[in-house]
Amino acid sequence: VIPVALSIAGSDPSGGAGIQADLKTFHRLEAYGEAVVTLITVQNTLTVDRTVVLDASLVREQIAAVLADIPPGAAKTGALGNAQVVEAIADIAAQFDFPLVVDPVLFSSKGTAFLDAEGRMMLVERLLPKAFLVMPNLAEAADLAGFPVGTVPEMRLAAEAIAKLGPQNVLVKGGHLPGEAVDILFCEGRFYEFAAGRIRGKQTHGTGCTYSAAVTAELAKKRPIYDAVARAKTFVTRAIQWAPGLGKGAGPLNHF
Ligand code: PXL
């Protein structure tokens with residue numbers, strides 16, 4: 001049977017990030033993709049001009065419709081917008097019998113807020129405890145851990161601190177480190193490192209979305225977490241390497 005992966009995230013009409021990136025990633029990794037929209041952005045590779053968060057009931061009903069018919073083997077969340085949407089997802093996540101990957105999107109790469117302060121609190125209190133994996137970047141890890149995170153030792157400390165908030169596993173992503181892009185996975189009391197050489201260039205729009213979608217697709221195939229992260233890391237690294245050079249700003253990755 002075909003693995004099924006679900007994304008609960010925002011729309012990027014330029015196709016590089018958000019649910020568009022997630023669906024492309026699911027497809028390329030041979031998972032059947034489903035997408036529940038949480039918010040709509042007006043953006044391209046240069047700017048994010050506007051964000052409209054959908055009504056929480058609309059998000060809840062979309063998830064219920066999907067679960068009632070084609071339940072996924074794994075799901076991820078991306079940009080969620082506000083506390084009501086986070087709460088709606090947390091409520092229904094109690095029924096999930098598949099792994100949930102939380103990409104704690106606080107800001108877009110251009111600095112636009114994708115979750116307000118109340119939403120951030122709801123994410124910590126209600127959604128993280130239900131997550132199989134949370135995968136913050138350095139800024140998000142610092143925000144969640146409550147101290148600066150800019151080195152590999154600090155990433156390890158942050159992963160441990162974030163695990164105390166309730167998720168089963170934590171992956172702190174080092175894409176914004178100087179030098180090598182080292183990611184730290186904290187899983188069952190142990191640390192694992194995933195390293196990739198730094199790729200020069202600015203074609204990185206949607207990297208976080210693509211990475212978490214790739215992990216979700218691999219989890220939907222029932223791969224263990226270490227394998228899922230290793231494969232996803234390879235996929236996202238190659239997608240950056242072979243970026244198609246589209247757009248006038250930070251361009252999208254190559255999802256093929
Ligand atoms: O990478 C975070 C992100 C999530 N969701 C949407 C986005 C972005 C970044 O641009 O556009 C819809």
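Quick summary incoming for the structure in this document. (Residues numbered from 1 in each chain as written. Predicted model: local features only at pLDDT ≥ 70, side-chain atom pairs only at ≥ 80, totals over all residues. Heavy atoms only, no water.)

**Structural notes on the side chain of Q43**
Part 1 of the argument: Relative to the helices and strands, Q43 resides in strand β2 (residues 32-43).
Part 2 of the argument: Using a relative accessible area of 12% as the deciding quantity, one classes Q43 as buried.
Part 3 of the argument: Looking at Q43, its side chain comes within polar contact range of the side chain of T41, at 3.0 Å. (Helix = DSSP H or I, 4+ residues; strand = E, 2+ residues; numbered from the N terminus. Buried < 20%, exposed > 50% of the residue type's maximum accessible area, 1.4 Å probe, protein only. Polar contact = N/O pair within 3.5 Å; in protein donor to acceptor, adjacent residues only side chain to side chain.)

**Some thoughts on the pairing of β2**
Part 1 of the argument: In this sheet, β2 lies alongside strand β1 (residues 4-11) in parallel orientation, the contact comprising seven bridges. In the sheet register, S11 faces β2, and the bridge partner there is I40.
Part 2 of the argument: Traced from β1 through helix α1 (residues 18-28) to β2, the parallel crossover comes out right-handed.
Part 3 of the argument: When β2 meets strand β3 (residues 48-53), the two strands line up antiparallel, connected through five bridges. Among the inter-strand pairings, Q43 is bridged to a residue of β3, identified as V48.
Part 4 of the argument: Where β2 hands over to β3, the hairpin turn is made up of four residues, counted between the paired strands. (Pairing = 2+ DSSP bridges. Right-handed = clockwise from strand over helix to strand, strands pointing away.)

**Description of the packing of helix α3 (residues 83-93) against helix α4 (residues 117-127)**
Part 1 of the argument: The geometry of α3 relative to α4 is characterised by a closest axis approach of 8 Å and an angle of 15° between their N-to-C directions. As judged from the angle between their axes, α3 and α4 are roughly parallel. Handedness of the crossing formed by α3 with α4: right-handed. Where α3 approaches α4, its residues A83, Q84, V86, E87, I89, A90 and D91 are matched on the opposing element by E118, G119, M122, L123, R126 and L127.
Part 2 of the argument: Partitioning the contact of α3 with α4 into residue classes produces seven nonpolar, two polar and four charged. (Axes fitted to C-alpha atoms, helices over the stretch in contact; angles between N-to-C directions. Parallel < 35°, antiparallel > 145°, perpendicular 65-115°, else oblique. Left-handed = near helix turned anticlockwise from the far one by under 90°. Contact = heavy atoms within 4.5 Å. Nonpolar A, V, L, I, M, F, W, Y, C, P; charged D, E, K, R; others polar.)

**Section: the sheet that holds strand β7 (residues 169-172)**
Part 1 of the argument: Pairing is mixed in the open sheet, where nine strands are placed in the order β3-β2-β1-β4-β5-β6-β7-β8-β9. One side of each edge strand has no neighbouring strand; the edge strands of this open sheet are β3 and β9 (190-196).
Part 2 of the argument: Direction of pairing for strand β8 (residues 181-187) relative to β9: antiparallel, over a ladder of seven bridges. The residue of β9 that forms the bridge with V182 is A195.
Part 3 of the argument: The strands touched by helix α6 (residues 152-163) within the sheet are β6 (133-134), β7, β8 and β9, with β8 carrying the most contacts at an inclination of about 30°.

**Things to note about the site of the ligand**
Part 1 of the argument: In the vicinity of the ligand, the contacting residues are G10, S11, D12, A17, G18, Q43, A79, V105, S108, F114, H205 and C209.
Part 2 of the argument: Here Q43 contributes a side-chain N or O atom positioned 2.4 Å from an oxygen atom of the ligand.
Part 3 of the argument: For the ligand, whose free accessible area comes to 310 Å², the fraction covered by protein is 93%.
Part 4 of the argument: Each residue belonging to the shell around the ligand can be placed in one class, and the counts come to five nonpolar, six polar and one charged. (Near = heavy atom within 4 Å. Areas by Shrake-Rupley, 256 points an atom, 1.4 Å probe, with all protein chains shown as cover.)

**Side note on the pattern of salt bridges**
Part 1 of the argument: Evaluated as defined, the whole model comprises eight salt bridges.
Part 2 of the argument: Notably, a salt bridge pairs D91 with R126, separated by 2.8 Å at the nearest N-O pair. Taken as a pair, D91 in helix α3 and R126 in helix α4 lie far apart in primary sequence, 35 residues in all.
Part 3 of the argument: Overall, the relative accessible area of 25% leaves R126 in the partly exposed class.
Part 4 of the argument: With a closest N to O distance of 3.4 Å, K221 and E218 form a salt bridge.
Part 5 of the argument: Each of E87, D91 and R126 takes part in one network of salt bridges that share partners. (Salt bridge = Lys/Arg side-chain N within 4 Å of Asp/Glu carboxyl O.)

**Remarks on the packing of aromatic side chains**
Part 1 of the argument: Enumeration over the complete set of coordinates arrives at four aromatic pairs.
Part 2 of the argument: With centroids separated by 4.8 Å and ring planes inclined at 40°, the aromatic side chains of F186 and F191 adopt a geometry described as tilted.
Part 3 of the argument: By relative accessible area, F191 is classed as partly exposed at 27%.
Part 4 of the argument: Ring centres 5.6 Å apart and planes at 65° place the aromatic pair Y192 and Y226 in the edge-to-face group. In this pair, Y192 is assigned in strand β9 and Y226 in helix α8 (residues 225-241), connecting sequence segments 34 residues apart.
Part 5 of the argument: Overall, the relative accessible area of 28% leaves Y192 in the partly exposed class.
Part 6 of the argument: Accessibility expressed as a relative area gives 40% for Y226, which makes it partly exposed.
Part 7 of the argument: In textbook terms, an aromatic cluster arises when at least three aromatic residues are bridged by ring pairs, as seen for Y192, F194 and Y226. (Phe/Tyr/Trp six-rings, centres within 6.5 Å; stacked < 30°, edge-to-face > 60°.)

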